[in-house]
Amino acid sequence: MKQESEDPTKNDSQNLHSDTLTFSYMHVQLEEHVQPELSTKDMIMEKAKVACSSSPKILANFFFKLFPVLQWLPRYKIKEYLPGDITSGIIVGIVTIPQSIAYSLLANQDPIYGLYTNFFCCIIYFLTATSRHNCVGTFGVLCLMVGESVSKQLKAAGYDTDGDTIAVINSTTNGTICGRSCYAITVATSITFIAGVYQIIMGIFQLGFISMYLSEPLLSGFVTGSSLTILTSQMKYLLGLKIPRRDGAGALVMTWVDIFTNIKSTNICDLVTSIVAIAVIVPIKEINDRFKSKMKIPFPVELLVIIVATLVSYYFNFKGNYKSSICGSIPTGFLVPKAPDWSLIPSIATDAIPIAIIGFAMTVSLAEIFAKKHGYTIRSNQEMIAIGMCNIIPSFFHCFTSCAALAKSLLRESTGAKTQLNGIISSLVLLLVLLAIAPLFYSLQNCILGVITITSLRGALRKFSDTPKMWRVSRIDTIIWWVSMLASSLITTEIGLLVAVCFSIFCVIIRTQRPRATLLGKVSGTEIYEDQFTYKELSNIPNVKIFRFDTSLYYANKDYFKNSLYSKTGINPSLVSALQKKAKKKRETEAGQARFSFISRFSIMKTVNKAHNQSEISEPHIDIHSLVIDCGALQFIDTVGLSVLKEVRNDYEEIGVQVFLANCNPSVRRMLTDGSYFSKKSDDAELIAFHSVHDAVNFAERKYCDKQLEIQMNEAAFSFDPNQAISDELRK
């Protein structure tokens, strides 16, 4: 078939078009190259134009991230989710009522402010959270920390921490007269605001990793120690004692001293009421815990006790007849919003740091637990922003610091909560109390609130019984738990938390400084090598030592690495090398003296034999030819660790022991390569890092056998006598 000939005119036009495009492209490139660089102002304006041109989309994404409710609420399954959310919300709301009032005393506040805190936090967390089961509100540990800070500021301002003013320093920044209660909530709202700011900043800059330094044993010990402090602070309400609130280091011990000093002043009415309330609440709560899988709705024993105790106190006039301490007037409705006292920020900024960290850590840890259990995801940084919003906004509405509460979150999850909507149901229950029911608690005794607070600490106090099991699992974690518990209870919560974190970091450093170091043996019939001291019936590789170091090698543990290596292998290369050099020098000296001395032949032979025997005795014996270092646990090595490996390799090679590395991860191999650990010679095979211990052992044995064979061949060639060989052949 005849092919069509190409059109040269067409080709010329295509080439011309191509050249034109090329020239145009070069012209554009040249113009871009010649164009002067934009100034910083022009660059900012260009970026602003781009941002403004797409601002609707960016703004929409911002609001969808800031308010996750906009994402999940349109997809809400009413028939599937609503019954569980309503049931759970009502139950949690009922349980929250007595806890809100009780925890207000713990935070050194009037009861109404605890109700405000739980009401506003439930609404804000519903809008901003990604966790479906967290219940945010008053939490005992945070209330204790807020109460301690408030107590310090009350003393500094001249107020009695448990009663009326004792000085006339009682005016706020706006000039209005402010009593003790007013000043206490002003301090609490200021702390809440600055703690929320800290949490928002940590969320924006994605500093959620800070909570990683609060390990589970540390947090558990901290909560238990704080629970002891809470229990101690509530004992005066149970006994009806009028003793001052102790703060600072040793407050727990001093409070117990005050209790036993004033034990004769115990109010019998409060004591009997407390005993009866404990006898009722504890057994029913135990029944709720034991049969929670069968009981869909736990029995609200705290609310029942509050109702009965309020009625009994009102009709028998415990206040007038027995001088029992009661809650007093609880107003209805809401107070006018008020900004925090900005003048207090410098004096409370430090106190707000541990409050912000503990609040975030508790919230995120609970959110992660529930998300993993129910198969959904959360955003840790969004949770930090959410809990920050739950502190910043309510601080303008007379609320104190909040976070996810363990007991209420577990109750919400166990009663069938499906989404964050259950928080709105709980807030509606609290709204009913705030608008109508709150004044009915006027005659409620403070000892009942103290009993409710103490009985809610059962879970934390039970951690003492878990310490023997924890000790068998990890002694270091048990010590961290005890240090955290003792520091937070015997010193203060803030300083105790700092001490616990520092001690935990110190334990991590100690673990890396003195890790487990051992020799490995081979499991018969396999390519597996295990610890000789842990596993029995392991076979040793003849003349090969396998050393394992169970942590990274860096400047802090370099000496321990070398000492452990020398101790496990039984050979200190520096000492062996020194002895070898000394023996060699002694042999050479004595041989030279025997060669140049004018003595008899018998004396010469005797001197040489004596020198030979002495040199044999003084020269150390080495029973290994290869050392394999298992680097499987070395996550990284620094420059000091690299120098140590080089030093170990050179020292052992100087006495005739080859060093091999095995199981090096990519980062360690890259460090070895960049640090010139490997020789540039292609035949320098003994410096190869192997992928497994078994490969290194096989290579070491094979190399040793080749070397021995080479030595034998050299000796045979050196001792070969051709005349003797001819005579032997003729004789045959």
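Conventions and cut-offs
Residues numbered from 1 in each chain as written. Predicted model: local features only at pLDDT ≥ 70, side-chain atom pairs only at ≥ 80, totals over all residues. Heavy atoms only, no water. Buried < 20%, exposed > 50% of the residue type's maximum accessible area, 1.4 Å probe, protein only. Helix = DSSP H or I, 4+ residues; strand = E, 2+ residues; numbered from the N terminus. Pairing = 2+ DSSP bridges. Salt bridge = Lys/Arg side-chain N within 4 Å of Asp/Glu carboxyl O. Patch = residues over 30% accessible without salt bridge, like charges linked within 9 Å, V, L, I, M, F, W, Y side chains within 5 Å. Areas by Shrake-Rupley, 256 points an atom, 1.4 Å probe, with all protein chains shown as cover. Core = buried A, V, L, I, M, F, W, Y, C linked by side-chain atoms within 4.5 Å. Contact = heavy atoms within 4.5 Å. Axes fitted to C-alpha atoms, helices over the stretch in contact; angles between N-to-C directions. Left-handed = near helix turned anticlockwise from the far one by under 90°. Nonpolar A, V, L, I, M, F, W, Y, C, P; charged D, E, K, R; others polar.

Draft legend 1. Region of interest: the pairing of strand E3 (residues 517–522). Of all six residues that make up E3, five are buried, and the element is covered over most of its length. When E3 meets strand E5 (residues 544–549), the two strands line up antiparallel, connected through three bridges. Bridged to Thr518 within E5 is Arg548. In this structure, E3 lies alongside strand E4 (residues 529–531), joined through three bridges in antiparallel fashion. Bridge pairing in E4 links Lys522 to Tyr529.

Draft legend 2. Representation of the pattern of salt bridges. For the structure shown, the criterion picks out 13 salt bridges. The salt bridge partner of Asp531 is Arg516, with a shortest N-O separation of 2.3 Å. Note that Asp531 is positioned in strand E4 and Arg516 in the loop between helix H22 (493–513) and E3, a separation of 15 residues in sequence. Asp531 gets classed as buried once you look at its relative accessible area, which sits at 7%. The structure contains a network of salt bridges with shared partners spanning Glu286, Arg458 and Arg462.

Draft legend 3. Looking closely at a nonpolar patch on the surface. Where nonpolar side chains cluster on the molecular surface, the patch consists of Phe299, Leu304, Ile307, Val308, Leu311, Val312, Tyr314, Tyr315 and Phe316 and spans about 910 Å² of accessible area. One can find Phe299 in the loop between helix H11 (268–290) and helix H12 (301–315).

Draft legend 4. Broad picture of the nonpolar core. Residues Leu214, Ile358, Phe441, Leu444 and Ile448 are the most contacted members of the largest nonpolar core, which totals 112 residues. Of the residues forming this core, the biggest block, 14 residues, is contributed by helix H14 (residues 345–374). Those residues in contact with Leu214 that sit more than four places away from it in its chain are Leu219, Ile357, Ile358, Ala361, Leu497 and Val501. Ranked by size, the runner-up nonpolar core spans 30 residues in total, among them Tyr566, Ile629, Leu634 and Tyr652.

Draft legend 5. Geometry of the packing of H11 against helix H18 (residues 446–455). Between H11 and H18, the shortest axis-to-axis distance is 9 Å and the interhelical angle comes to 35°. When you trace H11 past H18, the crossing you get is right-handed. For the pair H11 and H18, the contacting residues are Asp270, Thr273, Ser274, Ala277, Ile278, Ile281, Val282 and Lys285 in the first and Cys447, Ile448, Val451, Ile452 and Thr455 in the second. Along the lines of polarity and charge, the residues of the contact of H11 with H18 split into eight nonpolar, three polar and two charged.

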